[in-house]
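The chain contents come next:
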Amino acid sequence: MNNFWIVLSHTYTSKVKTKQFIISTLITLGLIFVLANITNIIDAFEGDGGNKDKIAVLDETGQLLTPFQNMVTNITEDIEIVPNSNESELEKMVLDGDLDAIVILQLDENGLPKATYKAKSLMDYSLPEQINLALQQVRIGIVSEQLNLSTDQLQLLNEQAEMEQIAIGENVKSEEEISQARGLVYILLFFIYFAVIMYASMIATEVATEKSSRVMEILISSVSPVSQMFGKIIGVALVGLTQLAVWLGVGYIAIKQNLDEMTGGFFSVFGFENISLSTIIYALIFFLLGFFLYATMAAFLGSIVSRIEDVNQAVQPMIWLVVIGFMLAMFGLSTPDATYITITSYIPIFTPMIMFMRVGLLDLPLWEPLLSIALTILTIVLLAIFGARVYKGGVLMYGSSNALKDIKKALQLSKKE
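Here goes a summary of the coordinates provided. (Residues numbered from 1 in each chain as written. Predicted model: local features only at pLDDT ≥ 70, side-chain atom pairs only at ≥ 80, totals over all residues. Heavy atoms only, no water.)

1. Some points on the overall build of the protein
Okay, so step 1: For the protein, the count of helices and strands is 17 helices and 4 strands.
Okay, so step 2: Burial analysis of the protein (417 residues in total) assigns 39% to the buried set.
Okay, so step 3: Pairs at least 24 apart in sequence give 76% of the contacts found in the protein among residues at least 6 apart.
Okay, so step 4: Looking at the protein as shown, the accessible area adds up to about 23400 Å², and 60% of this sits on carbon and sulfur atoms. (Helix = DSSP H or I, 4+ residues; strand = E, 2+ residues; numbered from the N terminus. Buried < 20%, exposed > 50% of the residue type's maximum accessible area, 1.4 Å probe, protein only. Contact = heavy atoms within 4.5 Å. Areas by Shrake-Rupley, 256 points an atom, 1.4 Å probe, with all protein chains shown as cover.)

2. Observations regarding the packing of helix H4 (residues 65-75) against helix H6 (residues 126-146)
Okay, so step 1: For the pair H4 and H6, interaxial distance at closest approach is 9 Å and the crossing angle is 125 degrees. One way to sum up the angle between H4 and H6 is to call them oblique. Handedness of the crossing formed by H4 with H6: right-handed. Of the residues in H6, those touching H4 at Pro 67, Phe 68, Met 71, Val 72 and Ile 75 are Gln 130, Ile 131, Leu 133, Ala 134, Leu 135, Gln 137 and Val 138.
Okay, so step 2: Counted by class, the contact of H4 with H6 contains 10 nonpolar, 2 polar and no charged residues. (Axes fitted to C-alpha atoms, helices over the stretch in contact; angles between N-to-C directions. Parallel < 35°, antiparallel > 145°, perpendicular 65-115°, else oblique. Left-handed = near helix turned anticlockwise from the far one by under 90°. Nonpolar A, V, L, I, M, F, W, Y, C, P; charged D, E, K, R; others polar.)

3. What about the pattern of salt bridges?
Okay, so step 1: Overall, the coordinates contain 5 salt bridges when judged by the stated rule.
Okay, so step 2: Between Lys 118 and Glu 87 there is a salt bridge; the shortest N-O distance is 2.5 Å. Taken together, the residues span a long stretch of sequence, with Lys 118 in strand E4 (residues 113-118) and Glu 87 in helix H5 (residues 87-96) at a distance of 31 residues.
Okay, so step 3: Overall, the relative accessible area of 27% leaves Glu 87 in the partly exposed class.
Okay, so step 4: The shortest N-O distance in the salt bridge between Lys 118 and Glu 91 comes to 2.9 Å. Note that Lys 118 is positioned in strand E4 and Glu 91 in helix H5, a separation of 27 residues in sequence.
Okay, so step 5: For Lys 118, a relative accessible area of 28% gives the class partly exposed.
Okay, so step 6: Classification of Glu 91 as partly exposed rests on a relative accessible area of 32%.
Okay, so step 7: Through salt bridges with shared partners, a single network forms among Glu 87, Glu 91 and Lys 118. (Salt bridge = Lys/Arg side-chain N within 4 Å of Asp/Glu carboxyl O.)

4. Notes on a nonpolar patch on the surface
Okay, so step 1: On the surface, Ile 377, Leu 378, Val 381, Leu 382 and Ile 385 cluster together into a nonpolar patch covering about 460 Å² of accessible area.
Okay, so step 2: Assignment of secondary structure puts Leu 382 in helix H16 (residues 367-394).
Okay, so step 3: Overall, the relative accessible area of 53% leaves Leu 382 in the exposed class. (Patch = residues over 30% accessible without salt bridge, like charges linked within 9 Å, V, L, I, M, F, W, Y side chains within 5 Å.)

5. Observations concerning the pairing of strand E3 (residues 101-107)
Okay, so step 1: With respect to burial, E3 is a largely interior element, 6 of its 7 residues being buried.
Okay, so step 2: With antiparallel pairing between neighbouring strands as the criterion, E3 and E4 make up a hairpin whose turn holds 5 residues, including Gly 111 at a positive phi of roughly 75 degrees. (Pairing = 2+ DSSP bridges.)

6. Some points on the packing of helix H13 (residues 311-332) against helix H15 (residues 351-361)
Okay, so step 1: Two numbers describe how H13 lies on H15: the axes approach to 8 Å, and their chain directions differ by 15 degrees. One finds that H13 runs roughly parallel with respect to H15. The hand of the H13/H15 crossing is right-handed. Listed contacts from H15 to Val 322, Gly 325, Phe 326, Leu 328, Ala 329 and Gly 332 of H13 are Met 353, Ile 354 and Met 357.

7. Section: the sheet that holds E3
Okay, so step 1: Taken in spatial order, the 4 strands line up as E2-E1-E3-E4 in an open sheet, and their pairing is mixed. Edge strands, defined here as strands with exactly one partner in the open sheet, are strand E2 (79-82) and E4. Looking at each pair of strands side by side, their axes are set apart by 30 degrees on average, direction ignored.
Okay, so step 2: Where E3 lies against E4, 6 bridges are found, and the strand directions are antiparallel. By the bridge assignment, Gln 106 is partnered in E4 with Lys 114.
Okay, so step 3: Contacting strand E1 (53-59), E2, E3 and E4, H6 runs over the sheet at an angle of about 165 degrees to E4.

Right, dumping it as structure tokens:
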């Protein structure tokens with residue numbers, strides 16, 4: 001047992017001291033900081049008032065300029081209207097980059113407002129949408145005057161119809177609960193995906209590196225292969241948890257500090273506030289299950305190759321299983337109650353990602369996640385027993401690798417030990 005702890009501590013300390021671990025951790029922390037402060041960074045580069053769009057308005061009607069300006073001001077403070085009346089001069093200013101657009105106000109055959117929008121390119125969708133919204137409001141105001149509508153009547157006309165969304169199916173959460181959980185599910189699916197690929201591959205590479213340098217021949221005489229295998233798996237697991245704890249801790253603090261500015265777009269769909277404790281607990285459980293499942297598989301796959309160059313080929317089938325599980329989980333984000341999602345969530349190799357996604361987005365009875373956890377643990381135990389036998393014989397094998405034949409040969413060698 002002492003040998004197991006020696007292997008574990010050596011694996012952990014050697015990995016956290018490597019330049020790769022330190023650099024990758026710092027780079028990721030830098031990206032988290034940038035993403036959490038992206039609004040402040042953009043504002044810093046643009047400076048005071050630098051983010052305003054400059055437009056020139058030409059009023060050919062002689063009556064629309066003032067109401068249009070007032071409406072633009074009511075809609076947004078990010079548009080600055082520049083006074084000018086020379087269209088050719090304004091077009092030159094647009095081409096030179098001094099103006100973002102020209103708006104020419106006119107009347108249609110019904111005497112209602114219309115406009116011509118001129119810009120250097122039509123790649124900016126936001127500005128013309130805001131201009132069109134302002135023009136539409138001016139048009140509604142003119143029509144209401146023609147129809148003698150009161151202010152209250154106009155307000156009623158513009159009010160959006162109220163629609164309450166209620167889920168009546170089984171195993172579903174409310175819209176608010178789904179929004180609160182979706183952000184964590186989405187982010188942690190990526191964490192599980194990349195962590196499994198990165199750290200499981202690290203285990204396979206670690207074993208292959210020791211074999212290629214013949215260190216394994218020295219270790220095998222003093223430490224049992226099983227102690228080596230699980231010492232490396234748990235050691236690398238602790239490395240991964242250390243790195244993830246740093247990333248998630250810094251990310252949580254950064255997002256909390258900038259939460260008021262994170263509105264609209266991504267943050268309006270993927271809510272991060274008021275996430276239930278059960279979702280966080282399930283995230284940790286399924287992350288660990290996924291890691292140990294694939295790490296055990298990676299350890300014995302790494303033990304049957306003799307050269308580092310062969311590691312990628314050996315672990316390729318495992319990587320494809322992870323990719324398939326991740327893609328199914330991504331598709332399931334929009335249809336978590338689909339039949340194929342339900343079925344695949346009970347297949348242990350896919351459970352860590354797909355069942356976690358279902359638990360986060362659906363109100364499942366307790367027996368469903370517990371059953372999938374039990375099946376995954378059973379699979380890990382069986383895989384560990386089988387993997388330990390392959391590892392025991394595989395660490396003594398050298399030469400060219402052929403996955404299926406090498407596994408069979410490793411099992412035969414383990415019986416002779």
